[in-house]
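A closer look at the structure
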Amino acid sequence: MPEPAIETIDATPFGEELATRAAAFLQSRVWIEHFGAIARAHRDYTEHGLFFDRTTGQFFLGASQDGMPYGPPFLTFDDANSFVGWLSVQSDRSLSGYVRNASPDYPQNFYAEPGNQRVTRQLLIDYLDREAG
């Protein structure tokens, strides 16, 4: 499948309100075991998700398998403020994997399978709206 034109992927930052709601959701909901998660819930490789680990108190962006964290995190955040600060300036474009310079902190495997089941504004909204409804 051809890569989409980068210009067609929304670059609008998620914003502080959505990022704050996502952090609160992650901290208040148990996905499984000791994790809060905003990740796809189907069998096999579910690409990227946002997680909160209750045992360490850390938020992280990572790959997921069956909706669970898989492998080392791409980025970790020691508290809600740093997580919200980071997530609020992200966008569908910056998290798509198509933009290699989105963050120099991302490991190389962040860019594997660009566009495949990534964290997007719609994924965040879908999770938060489901909980609010």
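This section reports on the structure supplied with the text.

What counts and how
Residues numbered from 1 in each chain as written. Predicted model: local features only at pLDDT ≥ 70, side-chain atom pairs only at ≥ 80, totals over all residues. Heavy atoms only, no water. Phe/Tyr/Trp six-rings, centres within 6.5 Å; stacked < 30°, edge-to-face > 60°. Buried < 20%, exposed > 50% of the residue type's maximum accessible area, 1.4 Å probe, protein only. Helix = DSSP H or I, 4+ residues; strand = E, 2+ residues; numbered from the N terminus. Expected span 1.5 Å × (residues − 1). Arc of directions from axis to C-beta. Salt bridge = Lys/Arg side-chain N within 4 Å of Asp/Glu carboxyl O. Pairing = 2+ DSSP bridges. Core = buried A, V, L, I, M, F, W, Y, C linked by side-chain atoms within 4.5 Å. Contact = heavy atoms within 4.5 Å.

Per the counting criterion, the structure on display carries eight aromatic pairs. Their ring planes at 25 degrees and their centres at 5.2 Å tell us that phenylalanine 51 and phenylalanine 60 sit as a pair that is stacked. Residue classification places phenylalanine 51 among the buried positions, given a relative accessible area of 0%. Between phenylalanine 59 and phenylalanine 83 the ring centres are 4.7 Å apart and the planes differ by 10 degrees, which places this aromatic pair in the stacked class. Placement of phenylalanine 59 in strand β3 (residues 58-65) and of phenylalanine 83 in helix α2 (residues 80-88) is noted, with a sequence separation of 24 residues between them. Residue classification places phenylalanine 59 among the buried positions, given a relative accessible area of 0%. Among the aromatic residues, those joined into a ring-pair cluster are Phe52, Phe59, Phe77, Phe83 and Trp86.

Among the secondary structure elements, arginine 93 is positioned in the loop between α2 and α3 (121-132). Linking arginine 93 and isoleucine 9, residues 84 residues apart in sequence, is a C-alpha distance of 5.2 Å.

Moving on: helix α1 (residues 16-28). Here α1 spans 18 Å end to end across 13 residues, near enough to the 18 Å set by a 1.5 Å rise per residue. For α1, the set of buried residues is Leu18, Ala19, Ala22, Ala23, Phe25 and Leu26. Looking straight down α1, one finds its buried side chains confined to an arc of 160 degrees; they lie on one side. For α1, exposure combined with an orientation more than 90 degrees from the buried face picks out Glu16 and Glu17.

Now for the pattern of salt bridges. Counted by the stated rule, this structure contains two salt bridges. Among the ionic pairs, glutamate 47 bridges to arginine 118, the shortest N-O distance being 3.5 Å. Separated by 71 residues along the polypeptide, glutamate 47 in strand β2 (residues 45-53) and arginine 118 in the loop between α2 and α3 bring together distant segments of the chain. Its relative accessible area of 3% is what places arginine 118 among the buried residues.

With that settled, the discussion passes to the pairing of β3. By the criterion of burial, β3 is predominantly enclosed, with six of the eight residues buried. Pairing of β3 with strand β5 (residues 75-77), which is carried by three bridges, proceeds in the antiparallel orientation. What sits directly across from phenylalanine 59, in β5, is phenylalanine 77. Counted along the chain from β3 to the antiparallel partner strand β4 (residues 68-69), the turn is two residues long, and its residue aspartate 66 has a positive phi close to 55 degrees.

Let us now look at the nonpolar core. With 26 residues, the main nonpolar core has Leu26, Ile38, Leu50, Phe83, Trp86, Leu87 and Leu124 as its most contacted residues. If you list the elements that add at least two residues to this core, you get α1, β2, β3, β5, α2 and α3. Non-local contacts of leucine 50, meaning those with residues more than four positions away in its chain, are made with Leu26, Gly36, Ala37, Ile38, Phe60, Leu61, Phe83, Trp86, Leu87, Val119 and Leu124. In this structure, Phe35, Ala37, Phe51 and Met68 belong to the second largest nonpolar core, which totals six residues.

These values are about where atoms sit, not about what they do.
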